[in-house]
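Listed here are the chains, written in short residue letters.
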Amino acid sequence: MQVTPSFRSFGSFRAACAALLLSLPTVAARAQEDAPPDTAVLELRESTVHASPRPMEARTESRLEGARLERRLGRSLGEALTGLEGVALLQSGPTIAKPEIHGLQGNRIQILNNGVKLEGQQWGSEHAPEVDPFLAGSMTVVKGAAGVRYGPEALGGVVLVTPRPLRASPGSDGEWHALATTAGYGGATSLRYDVAPASAPGLALRVQGTVRRLGDQAAPGHNLMNTGLAEQNGSAAAGYGRGDFHVEAFYSRFHTELGILRAAHIGNLADLEAALGRGEPEETGPFRYAIDRPRQDVTHDLFKLHGGFDGGAGHVDVTYSFQNNDRAEYDKDGPLNDSLAALNRPELRFTIYTHQAATVFERAARNGFSGQYGLAATVQGNESHGRTFVPNFMNFGGGAFALERWNGARWGAEAGVRYDHRLLQVYRNRGGEVVRTDFRDGGPSGALGGLYRVDSSEVRLNLTSAWRPPSANELYSNGLHHGAAAVEYGDTTLAPEDAYSASLSYTRRGTRLREVETEAFATYIRDYIGLIPDQPPTLTIRGAFPTFRYRETDALLYGLDLRAVWAAAAWLDAGTRGSLLWTSDRRSGAGLLFSPAHRWENSLTAHASAWRALSALFVTARVQTVFQQGNPAANDYAPPPPGYSLWAAETGFTWRSPAGPLDVELQGRNLFDQAYRDYTNRFRYYADDPGREIAVRVKLAFGAAN
Amino acid sequence: MSFKNFLLPVVALGFFACNVSDPHEHNEEELITTVRLVYTDTANASNADTVVFRDADGPGGAAPTAHDTLRLAAGKTYRVSLSLLNESDPLDVEDITTEVEEEGVDHQVFYAASGVNLTMVYADQDANGLPLGLRTLQTAGAASSGTLTVTLKHQPGLKTAGGTVSTGETDVEIAFQAVIQ
């Protein structure tokens, strides 16, 4: 396989894999979805600069980049990702959003930030990923089990957040983004600056920073008390390349302080029932920027060193990374004792650090055959303070994989295997004595794929497997889950989960029916670890709480994702996209916890390539319909909320300003101020989702293109 | 977080090393583990009953170690005082009752009898003159049995004369078996 020097990208080998798809003609169309053709063409030109001809992967990926990505910037990572079919949000009010891929989230999907597996407290449904979306040049989602390339925990899918490559040519460039919104009367701004000094050939530098600040959001008719957030992110990168060799260093810090809807912290089951009967929270309060209890304060640091070498036999990549995640959670009420209250300590605090090392060798293609072989190792330490929810632990992991590919003129195939081993050492204090318990798990992952392409169509079939060892919270939870009104118990005898996925996808591009992308999928998870209701209720000083235990069952998830763009006229595009998903616990027949309901979106976009000094003008109207969840999880406190339809509109243009191209966009969401609650918003028991939002987004690109 | 902290250099990361292998004991800062009600006959101080609910390790974990039944004499009126304790460390028992009393304007205790013939009036007030419920007068009627549910509500900014047991957030809710003989 020939890897061109342009592959000397900012990201790791994973970034390269993601960049691969760019070389395919389908992707040219893919960038267009809602974007007017002008911008899409512009992006394509930009993209091809760093795309190199490489063998095709059989794996199906969905990708968000260029204008489609930029229009979603300024909000959370999860929200940006909902631009892809099959991705939904698991929310805890307006400030906390986690991406769900085909109904799975948390420990079952792996997020890679710049090639590094993001390691925080991802098990928590109210723990949002610590990633600045403005870092991304592209976001890619791999749906279904992807254990071979990404190891355990890539059981339900993978999110790749990939920065654009550092400069390959001397010069400087940058981007400024800003979003101002009425949802919280605040916004976000981000600046990136890249430079490659002519005096030091091969050297490239980048600095980037983002600030987000929002006050309380509002549901139709009332304020959502304490739903503001303040986020500050920064990153710096340096790369050096000479001949066949390159190195990069990257550091980023993510810091967020976020308010949690006051009404969502409740004392006991009777409080929850009172909240359900209320319709509107007991406390709404006036709009404020202040972030009070209950709140979270999270800092995530990531440092990465990466080196690569291109030889005749292939390409070698080596990556080392270090992450530290510090999460503090403050309850609604501090201690009654004045001196304790004055300390204002979090009731719950976790610090987790992670070292990762990985190396990948990509064998050069010969006679259509190519291959990838890799090794990965992880060392992780977790420490808890305050209320004990998850114990202290050390986690040691190691894995090796091999992936072989064959590419013919029309047919392609790939096969891969991987083995991982994990040692989890849990430390607990039992009456002053420290007790260590070891858990050893190992397991294989596999992948088998085929693709067939003819003219402008492609068919891909993938059969994959992945496994996941039980996490510390599933083994050891023991106590009241505040805000969930449940007492949760772990089980130290849990076995790992094994997932098997099958997917069949079809993509086609054309002139009139510009683009069709569809994927049918099914995942079966053996020994799926779920929170299963148990009897009797647990008696506490706050009354009786429902009891839940982490238990094994078997899970089946299947569905269909579809996207199509039809050019109704030279100036008018009609788009449709939807995700259908069915999930079930095979032993009880009930749905899985937090499974998103079916959803469908239709849009119309009118566009013009130029008008006076403006270019890439467009106006889009869209309506998204979310259906009622037909198969809810067992023992929910409230029935699934009814379905709803939300209208949105966007309009924008590009102005060739003296400083560089300036994109201006006006966005309107939930235009008719519809009151609704979403099934996968954990705060649907307490309050409506936010109402109408009007936002203005600008982007200025300056400097000489790379 | 200050701007200075935000700019903490990368090298500092290496020193974040924590004490994973030496976990602290359960150290929730403020836990109500015990509710104690002392009933004293207004006519005869030697006629008294004390009922206790105790769950020393907090919600979850080990089951509560005490959950007494209240036994009162028919036709008597009792002076009742409520105490809230943190007994998670037997060597350092904390009385949280005074903290609740100090923040009386944000708290109220509710007593609800079901099946048992028991009526109550508040015998204390917060700084705003609204009932608090740490001290009450309770009168036992005819012989009967049922439950008495004691609920401490935290009602920051929500406490009014018309407040009910469903106003605010629940800090304590215990149903005691109650018998009037």
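Conventions we followed
- Residues numbered from 1 in each chain as written.
- Chains lettered and ligands numbered in written order.
- Predicted model: local features only at pLDDT ≥ 70, side-chain atom pairs only at ≥ 80, totals over all residues.
- Heavy atoms only, no water.
- Helix = DSSP H or I, 4+ residues; strand = E, 2+ residues; numbered from the N terminus.
- Rg over C-alpha atoms; globule rule 2.2 N^0.38 Å.
- Contact = heavy atoms within 4.5 Å.
- pLDDT = per-residue confidence, 0-100.
- Salt bridge = Lys/Arg side-chain N within 4 Å of Asp/Glu carboxyl O.
- Buried < 20%, exposed > 50% of the residue type's maximum accessible area, 1.4 Å probe, protein only.
- Phe/Tyr/Trp six-rings, centres within 6.5 Å; stacked < 30°, edge-to-face > 60°.
- Pairing = 2+ DSSP bridges.
- Patch = residues over 30% accessible without salt bridge, like charges linked within 9 Å, V, L, I, M, F, W, Y side chains within 5 Å.
- Areas by Shrake-Rupley, 256 points an atom, 1.4 Å probe, with all protein chains shown as cover.

S.K.: Explain the overall build of chain A residue by residue, including any values.
M.R.: What chain A contains, in helices and strands, is nine helices and 33 strands. Here the C-alpha atoms of chain A give a radius of gyration of 25 Å, agreeing with the 27 Å that 2.2 N^0.38 yields for 706 residues. If one aligns the C-alpha atoms of chain A with their principal axes, the spans along those axes are about 65 × 55 × 50 Å. In chain A, the proportion of contacts linking residues at least 24 apart, taken out of those at least 6 apart, comes to 68%.

S.K.: Any details on the confidence of the model for chain A? Residues and values, ideally.
M.R.: Averaged over every residue, the pLDDT of chain A is 89; the share at 70 or more is 92%. Per-residue pLDDT stays below 50 along residues 1-54 of chain A; that stretch engages in 140 contacts with residues further than four places along the chain or on separate chains.

S.K.: Report on the pattern of salt bridges, specifying residues and quantitative values.
M.R.: Any two side chains of opposite charge can pair, on the condition that their charged atoms come close. Residues and elements named next belong to chain A. All told, the structure shown has 57 salt bridges over all chains when counted by the stated rule. With a closest N to O distance of 3.2 Å, Arg 212 and Glu 231 form a salt bridge. You can see Arg 212 sitting in strand β10 (residues 203-214) and its partner Glu 231 sitting in strand β13 (residues 229-242), a full 19 residues away along the chain. One salt bridge in this structure joins Arg 253 and Asp 301, with 2.7 Å as the shortest N-O distance. Of this pair, Arg 253 sits in strand β14 (residues 245-259) while Asp 301 sits in strand β15 (residues 295-310), and the two are 48 residues apart along the sequence. For the pair Arg 253 and Asp 301, a shared accessibility class is recorded, and that class is buried.

S.K.: If you had to explain the packing of aromatic side chains to someone new, which residues and values would you point to?
M.R.: Residues and elements named next belong to chain A. Enumeration over the complete set of coordinates arrives at 14 aromatic pairs over all chains. Considering the side-chain rings of Trp 411 and Tyr 452, the 4.5 Å spacing of their centres and the 45° angle between planes classify their relative orientation as tilted. Here Trp 411 is found in strand β20 (residues 411-430), whereas its partner Tyr 452 is found in strand β21 (residues 433-454), with 41 residues between them in sequence. By relative accessible area, Tyr 452 is classed as partly exposed at 27%.

S.K.: Describe the pairing of strand β1 (residues 61-65) of chain A, with residues and values.
M.R.: Residues and elements named next belong to chain A. In terms of residue burial, β1 counts as a mostly covered element, since five of its five residues are buried. Residues Glu 61, Arg 63 and Glu 65 of β1 are buried on one face, and the alternating residues Ser 62 and Leu 64, pointing to the opposite face, are buried as well. Examined bridge by bridge, β1 and strand β6 (residues 138-143) share five bridges and lie antiparallel to one another. Bridge pairing in β6 links Glu 61 to Val 142.

S.K.: Summarise unusual backbone geometry; cite the residues concerned and give the values.
M.R.: Note: most residues except glycine have negative phi, and most peptide bonds are trans. Residue and element names in this part refer to chain A. Here the amide bond leading from Arg 293 into Pro 294 is cis, since omega sits at -10°, within 30 degrees of zero. Counting through the fold element by element, Pro 294 comes out in the loop between α7 (269-278) and β15. Of note, the bond from Gln 535 into Pro 536 is cis; its omega dihedral lies within 30 degrees of zero at -5°. Despite not being glycine, Tyr 185 has its phi angle at roughly 40°, a positive value.

S.K.: An account of a nonpolar patch on the surface is requested, with residue identities and associated values reported.
M.R.: All names here are of chain A. Among the surface-exposed residues, Tyr 240, Phe 245, Val 247, Phe 309, Val 316 and Val 318 lie close enough to one another that they form a single nonpolar patch of about 470 Å² accessible area. Elements with a minimum of two residues in the nonpolar patch: β14 and β16 (314-330). Judged by relative accessible area, which is 40%, Phe 245 ranks as partly exposed.

S.K.: Hey, could you go over the sheet that holds strand β7 (residues 157-162) of chain A for me, with residue numbers and the actual values?
M.R.: In space, the five strands of this open sheet follow the order β1-β6-β7-β4-β5 (chain A), with mixed pairing throughout. Either end of the sheet is taken by a strand with one partner, and the two such strands are β1 and β5 (116-117) of chain A.

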